[in-house]
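Next come the chains, spelled out residue by residue.
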Amino acid sequence: MSQFTLVIHGGAGNIHRKRMSEVQESAHSKVLVAALTAGEVILSDGGDAVSAVEAAICVLENSPLFNAGKGSVFTMAGTQEMDAAIMEGKDRNAGGVACIGHIRNPISAARAVMEKSPHVLICGTGAEQFARTHNVEWAEPHYFFDQHRWNQLEQIRGTGKMQLDFEGDEETKPESDKYGTVGAVACDSQGNLAAGTSTGGLTNKMPGRIGDTSMIGAGVFADNASCAVSCTGQGEYFMRGLVAADVANRMKFGGAPMDEAAQAAIDSTLSNLGGKGGVIAVDRHGNFSMPFNTTGMFRGYLKGETGKDSCTRAVYMFR
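Residues numbered from 1 in each chain as written. Predicted model: local features only at pLDDT ≥ 70, side-chain atom pairs only at ≥ 80, totals over all residues. Heavy atoms only, no water.

(A) Main features of the side chain of Asn192. Summarising the element assignment, Asn192 is placed in the loop between β5 (182–187) and β6 (193–199). For Asn192, the residues in contact, after removing those within four places along its chain, are Ala49, Lys90, Ala186, Cys187 and Asn224. (Helix = DSSP H or I, 4+ residues; strand = E, 2+ residues; numbered from the N terminus. Contact = heavy atoms within 4.5 Å.)

(B) The packing of aromatic side chains, seen in detail. Scanning the entire structure with this criterion turns up 6 aromatic pairs. Their ring planes at 90 degrees and their centres at 5.8 Å tell us that Phe66 and Phe298 sit as a pair that is edge-to-face. Taken together, the residues span a long stretch of sequence, with Phe66 in the loop between α2 (49–61) and β2 (82–88) and Phe298 in strand β11 (residues 296–305) at a distance of 232 residues. Here Phe66 matches Phe298 in class, with each residue buried. Pairing Phe145 with Trp150 gives two aromatic rings, centres 6.1 Å apart and planes at 45 degrees, and the pair type is tilted. Clustering of aromatic rings is evident, with ring pairs tying together Phe74, Phe145 and Trp150. When the ring centre of Tyr143 is taken as origin, the NZ or CZ atom of Lys70, which lies over that ring, is 4.1 Å away. (Phe/Tyr/Trp six-rings, centres within 6.5 Å; stacked < 30°, edge-to-face > 60°. Buried < 20%, exposed > 50% of the residue type's maximum accessible area, 1.4 Å probe, protein only. Lys NZ or Arg CZ within 6 Å of the ring centre and 35° of its normal.)

(C) Representation of the nonpolar core. By size, the foremost hydrophobic cluster in this structure holds 49 residues, and its most contacted members are Leu6, Ile8, Phe66 and Val97. Counting residues per element, this core draws most heavily on α2, which supplies 8 residues. When sequence neighbours within four positions are dropped, the list of residues in contact with Ile8 reads Leu32, Ala35, Leu36, Ala56, Gly183, Ala184, Ile280, Phe298, Arg299 and Gly300. Of all hydrophobic cores here, the second largest spans 38 residues; its members include Val185, Ala248, Leu270 and Met290. (Core = buried A, V, L, I, M, F, W, Y, C linked by side-chain atoms within 4.5 Å.)

(D) A look at the environment of Ile266. Residue placement: Ile266 occurs in helix α9 (residues 258–273). For the pair formed by Ile266 and Asn293, sequence separation is 27 residues and the distance between their alpha carbons is 6.8 Å. The contact partners of Ile266, leaving out residues within four places of it in the chain, are Ser271, Gly277, Gly278, Val279, Pro291, Phe292 and Asn293.

(E) Inspection of the pairing of β6 at higher detail. Of all the 7 residues making up β6, 7 are buried; the element is thus mostly covered by neighbouring parts of the structure. In β6, alternate side chains face the same way, and those of Leu193, Ala195, Thr197 and Thr199 on one face and Ala194, Gly196 and Ser198 on the other are all buried. Pairing between β2 and β6: 6 bridges, direction antiparallel. Following the sheet pairing, Met87 is matched in β6 by Ala195. (Pairing = 2+ DSSP bridges.)

Function cannot be read off these values alone, since they describe shape.
Put into structure tokens, the structure is as follows:
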């Protein structure tokens, strides 16, 4: 097999053309394309799916436009706590971090947990210390500060409410140029799968809150026998429905085609719980799916072949 596929997302929600200027649309598109390109460099040279997923997500984490890494939202205490996880389909090895600050690229810390520890999930200061010990790049709090994110917190601080970037009425909610959780899934030229997800969580969340992003089976999952999945949306619902694993199980045990399995996980499992969001998924044959039940989802894909210069690629935002 010499073909490869990479799929990415930058959050699902109330993303509508009427709420975005041409400048904002162009800025988001450029970052999505850059993320795809970072993964393509690895996959086109015969590299592995895990490295491609990490590289693509790092690009998204490094942009203030998305709620992950540099663009992470604030807790009710005015701090930033980030979650991330990565999983490879070959042997279902996985790693995650939760409630961390100071780490420039949480997805790289998650990969360090997967490859250099006996654990799957580490949180808080322990995760930060582990990452630093293994030379994951450090960043001071001022690196993550963003005035728009701070304003989002100030608008609802003290109300007891928590906010996703995409919440609010399409016509009345002020236009925002920053959206949600990021993720990537890949199938490399050896037919191995990988998935990763990274987020800053909810604005005004309680310190210590952990969402689905770092939880294997809820916000991320990969198994060569089925598919690789990354989720975005209302985390508590994805945890209650184990949505990422639900997609894989519908394929592995129910015999459903991947596109059908991914759509059913959104239309049935997630929607029946009252949740909103989307998933991206890819199988070991390079088939992919990007369903969501919101007005839009930042997403994109590329398909190529090792040794060839050209790839098929596209990025989307709206329905």
